[in-house]
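Take a look at the letters that make up each chain.
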Amino acid sequence: MIIRGGIVYDPANGIFGEEIDLCIDRGRIVEDAKGEEIDAHDLLVMAGGVDAHSHIAGAKVNAGRIMRPDDARLGMEQATAVCRPSTGYTVPNCYAIGYRYAHLGYTTAFEAATPILESRHTHEELEEIPIIDKGALTLFGSNWEVMQCVRENDLKKLAAYVAWGLRASKGYGVKIVNPGGGEAWGFGANVKGIYDPVPNFDVTPAEIMKSLAQVNESLRLPHSIHVHFNNLGKPGNYTTAIESLDLFKDIKPSRMRQVVHVAHMQFSAYGGTSWKDFKSEAPAIADYFNKNHFCTMDIGQILFGSATTMTADAPLEYGNAHLLHTKWSNHDIELEESSGVVPLVYLRKNPVNAIQWAIGMELALLTKDPWNVILTTDHPNGSPFVNYPEVVSLLMSKVKRQEELSNIHELASKRTTLTGIEREMDWCDIAIMTRAAPAKILGLEDKGHLGVGADADVAVYDLRPEEVDPSTQHDLVKKALAVAKYTIKGGVLASRDGEIMAAPVGRTFWVDASVAKEDEERMMEDLKEKFDRYYSIKLSNYMVQDAYVPNPVVIKAGALPVEEVAP
Amino acid sequence: MRTITLRPLRAFEVSVEAETISPSRFASLTLGQIRTQEVFMGNWKMKLADLFKVEGDEPLATPEETTIVLEGDFSKVKRIGEGMGAGTLEVRGNVGMRAGSGMKGGLMMIRGNADDWLGREMSGGKIVVEENAGNYIGSGYRGEKYGMRGGEIEIGGSAGAYLGEHMCAGTIRVKGDTGDFPGAVNQGGTIFIGGDTYLPGAEMTKGSIMVRGKATMLPSYQKAEVVTLEGIQYQKYVGDLVENGKGELYVATNSA
Ligand SMILES: [Zn+2]
């Protein structure tokens, strides 16, 4: 296949809007190819989008579906010759997730949080999501064995557990959500800061985070630790964010990437002491990211309208449900986590929501290097992913931002710096934020770019970058990005002008990390006791079997001698 | 006035979804076009004429001037009159689930029984049921916070559980008894129950419910004064206090 004449933005390979023919053979970008030709003359061409943080599969997504039949009815689409039926808006069914990412020109998405115990369910759903490639990050932040290893200061045993946990869950990386808080919630409590000890474990969130970061690097995992900070969603929490980030300053990365990725930074960039004097501290956070390059973030933009919040931060969801007086699902995951789900609506005239909206924009625009800040809405916490084109068009147009600012609560202008921000992103920034950087941050070498050997995941948009001025014609940008002209996944034309042409089966990435045998044996002794005494299921039933991941891409990692790790 | 009559060609074993049967939709269609309207029986896509005999006046009319008469057993036919805005729909028999849901105007006369979810989320118009009605009459869709927003429902017999759940406005009158929890999570509107009921007004915040027969009360209602309405004495209650509610509940004193 040859994609002819497109204006290609491939920042990872130093290509910034050049007319290039792309050749595809057997699912890869190659030097030369024959066969079917796709006419992309003068149109915007980028690598397939990569979503590094999205909630698309697993028990909490399904809890959202179960408690929101009202949401299911918002996205009903009948089956076609190619497609199975779709439902839902904030919590779409599995099929709709695949089709809708393909319509956006996205070809990869990672589920951001799965407890090991629920992973079989997560993979059952991932398998049913058509077209896109995917993976899942495994939760370790409130896990008994993790906390025991941290308490014993036995990082080798911890590494053995993380490696085993990734294998048990067929997971891709280490996710930490409100470290220690998930355990405290088992007693109706929460941890209040990173030095507040976890009940019954005598370890602090700071120790959990730092130990997991060290182990992540000793195992040379492709992705860094991926953290949802303590005190998320609370006024004044930016100090917790900065305190937490400081923990990782001295940790050496084992690969060419960050040592910590911060999930949905918007929810952790809050000033003030209560909802009354709530304000943005995004400039302080952006300043930190401009000065330090060991960390990356995704913005977690909120958009006005319906959302379904879902997180392993169960005490946060308890707070949401009581504050908003709405439906609430709460879940205890034995020795590993807790979680919650609460539907909500973000309102333009609500001062807190208006400020939250502006904070996301500030973070993206004030962080100078787009490689350090990627686009997410923390789907479906801030907004469903189908609204990414809205976020892009806002980032590219000051005019559009000002229009929105004049429609929303005035405190968004007073308690944030957004009004004064002139920056308008260009297509290069957008290509980085939506494909190149998320792929790099996740450590997916063949994604997010269009160099020879890369996966043949390509998006062609019905927009002429040399004619359209995104600053004033932001409506054209939004329209074009919402429905890709062509989405090619692994060399197959999957979507064309909003119609699914083919629904190829996607692959699932997971990481198999090796550790020293004696460390694993010590760790297994701990685990046996935990399964005998506490777990509701047997160790022999715990691991996700290979049959649940029928199209795997296994990335090998593991502890190697120090000399081989040094850059 | 244009009248169109539909008769089932057979007894349905599998439910039929026929939201197209509505004066608002038929008004601008010829009989030929009406016969080819799409309906689902289970997951089979079919034409209206595959399932029903369609007869009536040929000349087109406005929705207001259009009457649809359904003769026979429609108890397995769902979504009749969905979203109708004007005209008359007369069912000479029983009607299936979700009749008149989202109705905005016009009149639906049901000479027999109505099934569950009648008038779900309706905002205008009038529905009359001569016999009994099922559960969730005038309520919201599953999971929604807002039910009936306007219009009237009259039931000649009794109704099932969760009558007017999440109701925001409009009126429901039931001549006989109702099942459990009428007016649950009400935010407005008026419900009149001629017979007995069980636990009315749970989590109601606004609106009013009158019970002419016996009512088993929730403990979270506060007794207010005794009032006389249309010559009958009612004990007034205010609640539901669980929700800090200002709903008004009237229960006839002679029934207690
Ligand atoms: Zn998330």
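Residues numbered from 1 in each chain as written. Chains lettered and ligands numbered in written order. Predicted model: local features only at pLDDT ≥ 70, side-chain atom pairs only at ≥ 80, totals over all residues. Heavy atoms only, no water.

Let's talk about the coordination of the zinc ion
Residues and elements named next belong to chain A. For the record, the criterion: Coordinating donors are taken to be N, O and S atoms lying within 2.8 Å of the metal, or within 3.2 Å when the metal is Na, K or Ca; because water is excluded from the atom set, some sites may appear incomplete. Helix and strand labels come from DSSP, where a helix needs a run of H or I of at least four residues and a strand needs a run of E of at least two; each type is numbered from the N terminus. Here the term buried applies to any residue with accessible area under 20% of the maximum for its type, exposed to any over 50%, and partly exposed to those in between, with areas from a 1.4 Å probe on protein chains only.
Within the protein, His53 (NE2), His55 (NE2) and Asp378 (OD) serve as the donor atoms for the zinc ion, at 2.0 to 2.1 Å. Linear spacing of the donor residues for the zinc ion on their chain is H-x1-H-x322-D. Here histidine 55 is found in the loop between β6 (49–54) and α1 (59–67), whereas its partner aspartate 378 is found in the loop between β18 (373–374) and α13 (388–395), with 323 residues between them in sequence. You'll find histidine 55 and aspartate 378 in the same group, each marked buried.

Points about the interface of chain A and chain B
Accessible area lost on assembly of the parts is the figure often given for the size of an interface. For the record, the criterion: Note on contacts: a residue pair is in contact if any heavy atoms of the two residues lie within 4.5 Å. Put simply, a salt bridge is a Lys or Arg side-chain nitrogen that is within 4 Å of an Asp or Glu carboxyl oxygen. For the purposes of these results, a polar contact is taken to be a pair of N or O atoms within 3.5 Å, where, inside protein, one atom must be able to donate a hydrogen and its partner to accept one; residues adjacent in sequence count only when each atom of the pair is a side-chain atom. In this classification, Asp, Glu, Lys and Arg are treated as charged, Ala, Val, Leu, Ile, Met, Phe, Trp, Tyr, Cys and Pro as nonpolar, and every other residue, Gly included, as polar.
Taken together, the 8 residues of chain A in the interface contact 10 residues of chain B. In this structure, the connection of chain A to chain B is made through 2 salt bridges. The salt bridge partner of glutamate 121 of chain B is arginine 73 of chain A, with a shortest N-O separation of 3.0 Å. At the boundary of chain A with chain B, the tally comes to 5 residue pairs in polar contact (both at pLDDT 80 or more). In terms of residue class, the side of chain A that touches chain B is made up of 2 nonpolar, 3 polar and 3 charged.

Notes on helix α8 (residues 205–218) of chain A
Residue and element names in this part refer to chain A. Stated precisely, the cut-off is as follows: Helices are assigned an expected span. That span is 1.5 Å times one less than the residue count.
Relative to the 20 Å expected for 14 residues at 1.5 Å per residue, α8 spans 20 Å between its end C-alpha atoms, a close match to the ideal helical length. Buried within α8 we find Pro205, Ala206, Ile208, Met209, Ser211, Leu212, Ala213, Val215, Asn216 and Glu217. If you follow the buried residues of α8, they end up packed against α5 (144–151), α6 (155–169), β9 (173–177), β10 (225–228) and α9 (238–246). Just downstream of α8 lies arginine 220, where phi reads positive at about 50°.

A word on the sheet that holds strand β15 (residues 305–311) of chain A
Residue and element names in this part refer to chain A. For clarity, the cut-off: Should DSSP find at least two bridges between two strands, the strands are taken to pair. Helix axes use the C-alpha atoms of the stretch in contact, all axes being lines fitted to C-alpha atoms, and the angles between their N-to-C directions lie in the range 0 to 180 degrees.
In spatial order, the strands read β15-β17-β16; together these 3 strands make up an open sheet with antiparallel pairing. Looking at which strands have only one partner, the edges of the open sheet turn out to be β15 and β16 (329–333). In this sheet, neighbouring strand axes are inclined to one another by 15° on average, regardless of whether the strands run parallel or antiparallel. Pairing geometry for β16 and strand β17 (residues 337–346), over 5 bridges, is antiparallel. When the sheet's bridge partners are listed, serine 329 is paired in β17 with valine 341. Packing of α1 onto the sheet brings it into contact with β15, β16 and β17, and relative to β17 it is tilted by some 45°.

Considerations on the side chain of serine 139 of chain B
All names here are of chain B. Among the secondary structure elements, serine 139 is positioned in the loop between β10 (126–129) and β11 (149–155). Separated by 3.1 Å, the side chain of serine 139 and the backbone oxygen of tyrosine 136 make a polar contact. Not counting residues up to four positions away in its chain, the partners in contact with serine 139 are Trp117, Arg120, Glu121, Gly147, Met148, Tyr162 and Glu165.

Remarks on the pattern of salt bridges
All names here are of chain A. Inspection of the entire model under this criterion finds 57 salt bridges over all chains. For aspartate 246, the salt bridge is made with lysine 249, and the minimal N-O distance between the two is 3.5 Å. By relative accessible area, aspartate 246 is classed as partly exposed at 35%. Take lysine 249: its relative accessible area is 42%, and that puts it in the partly exposed class.

With respect to the pairing of strand β12 (residues 169–174) of chain B
All names here are of chain B. Judged from the 5 bridges that link them, β11 and β12 form a sheet pairing that is parallel. Bridge assignment links glutamate 152 to a residue of β12, and that residue is threonine 171. The sheet contact formed by β12 and strand β13 (residues 187–193) spans 4 bridges and is parallel. Paired with valine 174 across the two strands is isoleucine 193, which belongs to β13.

Notes on the confidence of the model for chain A
The condition that has to hold: How sure the predictor is of each residue is captured by pLDDT, a score from 0 to 100.
A residue-level look at chain A finds 99% of positions with pLDDT of 70 or above and a mean pLDDT of 96. Predicted confidence for residues 562–567 of chain A stays below pLDDT 50, and this span has 3 contacts to residues more than four positions away or in other chains.

Here we look at the packing of α9 of chain A against helix α10 (residues 282–291) of chain A
Residue and element names in this part refer to chain A. Defined as follows: Orientation is classified from the angle alone, with under 35 degrees giving roughly parallel, over 145 giving roughly antiparallel, 65 to 115 giving roughly perpendicular, and any other angle giving oblique. Left-handed describes a crossing in which the near helix is turned anticlockwise from the far one by less than a right angle; the clockwise case is right-handed.
Following both chains from N to C, one finds α9 and α10 inclined at 15°, their axes separated by 10 Å at the closest point. Put simply, α9 runs roughly parallel to α10. Classified by chirality, the crossing of α10 by α9 is left-handed. Across the interface between the two elements, Tyr238, Ala241, Ile242, Leu245 and Asp246 from α9 touch Ala284, Ile285, Tyr288 and Phe289 from α10. Split by residue class, the contact of α9 with α10 holds 8 nonpolar, no polar and 1 charged.

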